[in-house]
Amino acid sequence: MMPPRVSRRGLIATGAAGLGGLLLSGCDRLSRAPSFQNFIGRGEGLTMGAQRLLLAGQPLAPEFKPADLSPVFRANGSTLPTSPLYQSLMADGFADYRLVVDGLVGQPLSLSLAQLKAMPTRTQITRHDCVEGWSAIGQWTGAPLARILALARPLASVRYVIFHCADNLGGGPGESGLYYESIDLFDAFHPQTILAWALNGQPLDVSHGAPLRLRVERQLGYKQAKYVMRIELANRMDGLGRGKGGFWEDRGYAWYAGI
Ligand SMILES: Nc1nc2c(c(=O)[nH]1)N[C@H]1C(S)=C(S)[C@@H](COP(=O)(O)O)O[C@H]1N2
Ligand SMILES: [Mo]
């Protein structure tokens, strides 16, 4: 089924006018109404409600059945961060772990694992595809990123959601080498985009990104940031790493890694 067509102008107007039945009543008709013109000037930046409406038409990645689960879900890239901070968090079973959410937000957050687990959860069985040529089907459980972002109240200027990770793959001279990733708001508010704390019904193990990793199911493996420590909301990506939006992007991979 095709998602409803929504023009950006119509969407902005809808966000400014309040949501409800406006989308169904047809943005084109709305855009011809005299009052519509008044909304355009103050409609800069999509409201969160408008983002959600837009995403209502976003296709889902395929989901699978328990019988489809891969017997072994391979671990790849970093499998054990070595930083003293991560090591001490790990030694405590991540009791002192906090997910920091900051940047262009109205309400910066610092969330414990217990708080994250107390949020509404989503469980999904999806296929992970690594550019290196292997795939695995796993069941992921976690908190929808949209819920966490809603708590942080993103400012209208936000364009990217950046994930800062605990592991260091080594950078060139003067570089941190810390793994990081970023996605846009379309993927950030997508219903299958979660911060997972469980794989196949078990607490996420260290090799798969404990205590918290991103699942952004319509993109390739390297976008699935493990060991997420901090989520930064931003409107630009230069100034971070080599400016391409991710550790592997900085080394030539595509930023949008759609499957
Ligand atoms: N922090 C961090 N996240 C990461 C990586 C990494 O090295 N560090 N590797 C990426 C790559 S290339 C893949 S394929 C997946 C592997 O996830 P898995 O270990 O759970 O299979 O994690 C991605 N996320
Ligand atoms: Mo990968």
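I will try to describe carefully the structure that is included in this document.

This next bit is on the sheet that holds strand β6 (residues 178-184). If you trace the 5 strands from one edge of the open sheet to the other, you get β2-β1-β10-β5-β6, paired in mixed fashion. Every interior strand has two partners, whereas the edge strands, β2 (109-112) and β6, have only one. Across the sheet, the mean angle from the axis of one strand to that of its neighbour is 20°, orientation sign disregarded. The sheet contact formed by strand β5 (residues 160-168) and β6 spans 6 bridges and is antiparallel. Bridging across to β6, F163 finds its partner in E181.

Another aspect to go through is the site of ligand 1. Taken together, 22 residues surround ligand 1, and among them R74, N76, S78, D167 and K226 come closest. Measuring from an oxygen atom of ligand 1, one finds a backbone N or O atom of R74 at 2.6 Å. The protein chains hide 99% of the 530 Å² of surface that ligand 1 would expose on its own. Going through the elements one at a time, β3 (122-130) and β5 are the ones with two or more residues in the shell around ligand 1. For the shell around ligand 1, the residue count by class is 10 nonpolar, 8 polar and 4 charged.

This next bit is on unusual backbone geometry. Cis rather than trans, the peptide bond between A210 and P211 has omega equal to 0°. Mapped onto the secondary structure, P211 falls in the loop between β8 (202-203) and β9 (213-215).

In this section: the packing of aromatic side chains. Within this structure, the stated rule accounts for 9 aromatic pairs. Taken together, a centroid distance of 5.7 Å and an interplanar angle of 20° make the contact between Y179 and F247 stacked. Taken together, the residues Y179 in strand β6 and F247 in the segment after β10 (228-234) connect sequence positions 68 residues apart. When its relative accessible area of 11% is taken as the criterion, Y179 is described as buried. Members of the aromatic cluster, connected to one another through ring pairs, are Y179, Y222, F247, W248 and Y253. Residue placement shows R251 over the ring face of F247; its charged tip is 3.7 Å from the ring centre.

In this section: the side chain of K223. On the secondary structure map, K223 appears in the loop between β9 and β10. By relative accessible area, K223 is classed as buried at 0%. Among the polar contacts made by the side chain of K223, one reaches the main-chain carbonyl oxygen of S182 at a distance of 2.8 Å.

Moving on, we get to the environment of N235. Structurally, N235 is set in the segment after β10. In this structure N235 comes out as partly exposed when scored by relative accessible area, which is 33%. Each C-alpha atom of the pair N235 and D184 lies 9.8 Å from the other, and the pair is 51 residues apart in sequence. Discounting chain neighbours no more than four positions away, the residues touching N235 are L104, S157, R159 and Y160.

Rules behind the numbers
Residue numbers restart at each chain and count upward from 1, following the sequence in its written direction. Each chain gets a letter, beginning with A, and each ligand a number, beginning with 1, in the order they are written. Totals for whole chains, interfaces and linings use every residue, but because this is a predicted model, local features are given only for residues with pLDDT of at least 70 and side-chain atom pairs only at 80 or more, for both listing and counting. Only heavy atoms go into the side-chain values, all of them from the structure, while hydrogens and water stay out. At least two DSSP bridges between two strands are required for those strands to pair. Secondary structure elements are defined from DSSP: runs of H or I of at least 4 residues count as helices, runs of E of at least 2 residues count as strands, and each element is numbered from the N terminus. With axes taken as lines fitted to C-alpha atoms, and helix axes fitted only over the stretch in contact, angles between N-to-C directions fall between 0 and 180 degrees. It suffices for a single heavy atom of a residue to lie within 4 Å of a molecule or strand for the residue to be listed as near it. Throughout this description, a polar contact denotes any pair of N or O atoms lying within 3.5 Å of each other; where both atoms belong to protein, one of them has to be capable of donating a hydrogen while the other can accept it, and for residues adjacent in sequence the pair is counted only when both atoms sit in side chains. Note on areas: these come from Shrake-Rupley sampling with a 1.4 Å probe, and a residue is covered only by the protein chains present in the view. Side-chain classes follow a simple rule in which Ala, Val, Leu, Ile, Met, Phe, Trp, Tyr, Cys and Pro form the nonpolar group, Asp, Glu, Lys and Arg form the charged group, and the remainder, Gly included, forms the polar group. When the centres of two rings from Phe, Tyr and Trp lie within 6.5 Å, Trp using its six-membered ring, the rings pair. Their planes under 30 degrees apart give stacked, over 60 give edge-to-face, and anything left gives tilted. Under the scheme applied here, a residue whose accessible area is under 20% of the maximum for its type counts as buried, over 50% as exposed, and between as partly exposed, the area being computed with a 1.4 Å probe on protein chains only. Should the NZ of a Lys or the CZ of an Arg lie within 6 Å of a ring centre and within 35 degrees of the ring normal, that charge is described as sitting over the ring. Should any heavy atoms of two residues lie within 4.5 Å, those residues are counted as being in contact.

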